[in-house]
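# Overview (structure and organization)
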Amino acid sequence: MNKAVNDGVWSGAWVAERLGVELVGGAELTGLLGLALRRNPKRAHLLVSHVLGKHVPQSPAVVYGHGLDLGRRVRELLGEREAARAVVLGYAETATGLGHSVADGLGTAPYLHSTRRPVPGVAPAGGFEESHSHATSHLLLPEDPALLAGDGPLVLVDDEFSTGNTVLNTIRDLHARHPRERYVVVALVDMRSPADTARLTDFAERIGARIDLVATASGTVRLPEDVLRRGRELVARHEQPPAPQTGAAETGAAGRIARVALDWPAGLPDGGRHGFTPAHRQRLERALPALAGRLAGALPAGARRVLVLGCEELMYAPLRLAHALEAATDAEVRYSTTTRSPVLAVDDPGYAIRTRLVFPAHDDPADGPGERYAYNVAGAGFDAVVAVVDSAADTPALHAPEGLLARLAAHTPHVLLAVVPSHVPARTLERPAMLPEPLRGPAFSSYAPEEVGWLLQDLSDVTLEAPTEEREEAIQSGGAHYAESLPVEYQPSARYQELFHAALETSAARIARAVGAVTELVLAERSPRPVLVSLARAGTPVGVLMRRWAAFRHGLELPHYAVSIVRGRGIDANALRWLAAHHDPADVVFVDGWTGKGAITRELAEAIEEFEAKGGARGFDAEIAVLADPGACVRTYGTREDFLIPSACLNSTVSGLVSRTVLRADLVGPDDYHGAKFYRELAGADVSNAFLDAVAARFPEVADAVDTAAKDLLSADRAPTWAGWAAVERISEEYGIHDVNLVKPGVGETTRVLLRRVPWKILARTGAGADLDHVRLLAEQRGVPVEEVDGLAYTCVGLIHPRYTRGATGADGRAVGA
């Protein structure tokens, strides 16, 4: 029979011998930790705690005792006065129970843990990323929004402190919202390198706060240089093909599944997802003896070995039940929880994960269906397993033939199901009567305040950028949406900047004519006093120029705003609500820079339809006005020529120093605008206003030409033909790509491919001249071939690599695989 207890052999020996991983530190480390291999592209090994109660069944007294001891040490460190002002924050999913136990040790501290389960009606109070984790996005959803708003010490609790990245991300986010003078980081083991330790010290100095660390043990992990490759190879050699996993009913096993009524106290939270106060703690302490008595009474006669199994983030309530049951029965009680982390199982005494049960997620997770795991349960000789879940996880999937209960019943004669009511916050946030006023320069953007109002929230203090390769891998491996992070801002070379200024000099008059023409169409056909609403960020410079033309030619001071639209997610509905509250929707004209194949045109039309279907104000016209429409996707445009618009050559430094927009659940709540960053630090390279001034200076000389062009356009058939989309489909098939999302037509989109994507090759119309100088330079710098094509529908087309497109995104905004 398999055993989860490793019979005196260190449970890290197997990995250490084969992978070359070493734990360097005191002898207590091997008593606290074992090693296993994980299926994770970011980290090969897994430190498996013997005392956490996650992967290894352990005495609940041992698990709870370690957390209490850490909490008491924090109280001694802070002193009674500061400890009384502290708030404890634990990390999902692994440290939710540990963090709660630390709060118990402090005695008077309220507790909150992060969560990966969004809750309708509760707006996030913050969020952060855990870069190495299998599932990275954390939400903070306190029922009381003031919980994290104080200035007392914040105690952050995780099971291990490996690099410090997660803690840095958390403190950075929360300190920007609610600065405080002191933080305490708590972990069972501190395994940071000296460089990571110095990084935390430097970070504390930069923010002007004290950061202390309390840990049960400390050391470092010594890894071979090729650990990721060797780890993948080792997993591949030992990963067994999935054996048929059948439930008790199919195998004829004796496992019996029964439900036990806990009578959980009404209104008592099941954990710290929305906050757990000292008053809640007192109620739980009073109720625990009766709760444990009901569990003990439901156990089968003669049961000598019992496991209480929690469920992912639900760790604390099962732990306290197990601890109380341990005192109420003569049986040997052990405690562990299920997890979403995929780990290799090897039945060897020197390996920490001996067995693995696999079952589908049963709590309707926000990240979609997937496998979940229970480790070291099968073959461990349990006479009964008490599965404790919250009511949100008590679903048909839990009871299905392949579900968790059936998996357990195949390995133990008795399975008891105890359900704790999921806490539903009494206070759900109502929509504010007044949405925030638009952001304006110079506080946000380098544009003058009258030029544009940004219907966005300022995320300038949040770290959102990632190196291209890291960002692309995250998008591809996890299906992350492109709008959840930002690329590192491209910093042009001196040669590239020279090309920008040369292009601006030669094209300013042509841009001025197109700006004048499209503005005249809008005034003649859409509204005599239109409200210009640019699609951030490419549309913003065009909207500013249209506003300037209306003032130059007609003496009009048009309102101008910038809003976010995200492929696959639609337009910012809160921004539309603000616009409808302040202007007639019929006067709103959406503005963008150019069309490619028309994906955003379609996105906007669908988003407006959805907004109205959900009860939003009616009357918004989804027709976009653009400077250039080479794709023939709209009827309101300045030109259909595919020419160089210099504002497409750069990123924020030609767009008011504002980033692309961001839409991420942990940062943007249901009543928030989408977010963006203001890169103040790039002011020295900013050419935003120089671009606008250069084009506006040409208005007088092109006025007559604009009058002629506008008359011609007004009398012409401008119905969209979607010729660009058809051309893209042809190119996709001719080049064997078979995916239009990987074909980016036009000078502007081609430039974006070279700046922010994974380019394969560039197609250039034969004879294209100076319009493509910057494209040729970028292609040369990135080693991308430029192929001249006769009769190309666009001046150029960028092809994203059809096999190596981790960071490339299609029309739905998600990564496009091979």
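Residues numbered from 1 in each chain as written. Predicted model: local features only at pLDDT ≥ 70, side-chain atom pairs only at ≥ 80, totals over all residues. Heavy atoms only, no water.

### As for the packing of aromatic side chains
- Inspection of the entire model under this criterion finds 12 aromatic pairs.
- With a centroid separation of 5.0 Å and an interplanar angle of 85 degrees, the aromatic rings of Trp549 and Phe699 are classed as edge-to-face. Residue Trp549 is located in helix α15 (residues 539–554), and its partner Phe699 is located in helix α19 (residues 699–715); the two are separated by 150 residues in the primary sequence.
- Here a set of aromatic residues connected by ring pairs shows up, and it is made of Phe444, Tyr447, Trp454 and Phe678.
- Between the NZ or CZ atom of Arg602 and the centre of the ring of Trp722, over which it lies, the distance is 4.5 Å.
- Above the plane of the ring of Trp760 lies Lys761, whose end atom (NZ or CZ) is 4.7 Å from the centre. (Phe/Tyr/Trp six-rings, centres within 6.5 Å; stacked < 30°, edge-to-face > 60°. Helix = DSSP H or I, 4+ residues; strand = E, 2+ residues; numbered from the N terminus. Lys NZ or Arg CZ within 6 Å of the ring centre and 35° of its normal.)

### Some details on the pattern of salt bridges
- Scanning the model with the defined rule gives 44 salt bridges in all.
- A salt bridge links Glu641 to Arg510; the nearest nitrogen and oxygen atoms lie 3.7 Å apart. Of the two residues, Glu641 sits in the loop between β27 (636–639) and β28 (675–676) while Arg510 sits in helix α14 (residues 494–525), which places them 131 residues apart along the sequence.
- The exposure class of Glu641 is partly exposed, given its relative accessible area of 44%.
- One salt bridge in this structure joins Glu525 and Arg635, with 3.4 Å as the shortest N-O distance. (Salt bridge = Lys/Arg side-chain N within 4 Å of Asp/Glu carboxyl O. Buried < 20%, exposed > 50% of the residue type's maximum accessible area, 1.4 Å probe, protein only.)

### Thoughts on the pairing of strand β31 (residues 786–789)
- Sheet analysis places strand β30 (residues 759–765) next to β31, joined by 4 bridges and oriented parallel. Each bridged residue has a counterpart across the sheet, and for Ala764 the counterpart in β31 is Glu788.
- You can see the chain leave β30, run along helix α22 (residues 773–782) and come back into β31, and the turn it takes is right-handed. (Pairing = 2+ DSSP bridges. Right-handed = clockwise from strand over helix to strand, strands pointing away.)

### Quick look at the environment of Pro492
- Inspection of the secondary structure assignment puts Pro492 in the loop between β21 (486–487) and α14.
- Sequence separation between Pro492 and Asn651 is 159 residues, and the spatial gap between their C-alpha atoms is 9.8 Å.
- Setting aside residues no more than four positions away along its own chain, Pro492 makes contact with Gln497 and Leu650. (Contact = heavy atoms within 4.5 Å.)

### Description of helix α7 (residues 227–238)
- The end-to-end C-alpha distance of α7, which contains 12 residues, comes to 16 Å, matching closely the 16 Å that a straight helix rising 1.5 Å per residue would cover.
- All buried positions along α7 are accounted for by Val227, Gly231, Leu234 and Val235. Projected down its long axis, α7 shows its buried positions confined to an angular sector of 100 degrees, all on one face. Exposed and oriented more than 90 degrees from the buried face of α7 are Arg232, Ala236 and Arg237. (Expected span 1.5 Å × (residues − 1). Arc of directions from axis to C-beta.)

### Section: helix α16 (residues 573–582)
- When we look at burial in α16, the residues that qualify are Asn574, Ala575, Leu576, Trp578 and Leu579.
- Packed against the buried residues of α16 are β22 (531–536), β23 (560–566), β24 (570–571), β25 (588–594) and α17 (599–613).
- Between the side-chain oxygen of the N-cap and the backbone nitrogen of Asn574 there are 3.0 Å, and the N-cap of α16 in question is Asp572. (Polar contact = N/O pair within 3.5 Å; in protein donor to acceptor, adjacent residues only side chain to side chain.)

### Some words on the sheet that holds strand β8 (residues 154–161)
- An order of β1-β10-β9-β8-β4-β5 is seen for the 6 strands of this open sheet, with the pairing classed as mixed. Lying at the two open borders of the sheet, with one neighbouring strand each, are β1 (22–25) and β5 (111–113). With strand direction ignored, the average angle separating the axes of adjacent strands in the sheet is 30 degrees.
- Across 3 bridges, strand β4 (residues 87–90) lies against β5 in parallel orientation. Residue pairing for β5: Val88 is matched across the bridge by Tyr111.
- In this fold helix α4 (residues 96–106) packs onto β4, β5, β8 and β9 (182–190), with an angle of close to 135 degrees to the strand it touches most, β8.
- The sheet contacts of helix α5 (residues 165–177) involve β4, β8, β9 and β10 (210–222), and relative to β8 the element is tilted by about 160 degrees. (Axes fitted to C-alpha atoms, helices over the stretch in contact; angles between N-to-C directions.)

### So, the sheet that holds strand β16 (residues 384–390)
- With parallel pairing, 5 strands are arranged side by side in an open sheet as β11-β17-β16-β12-β13. Each edge of the sheet is formed by a strand with only one pairing partner; in this case those strands are β11 (256–260) and β13 (332–338). Across the sheet, the axes of successive neighbouring strands diverge by a mean angle of 25 degrees, strand direction being ignored.
- Relative to strand β17 (residues 414–420), β11 runs parallel, the two being bridged by 5 bridges. Across the sheet, residue Ala258 finds its bridge partner in β17, namely Leu416.
- Contacts from helix α9 (residues 278–298) reach β11, β16 and β17, with the element oriented near 155 degrees to β11.

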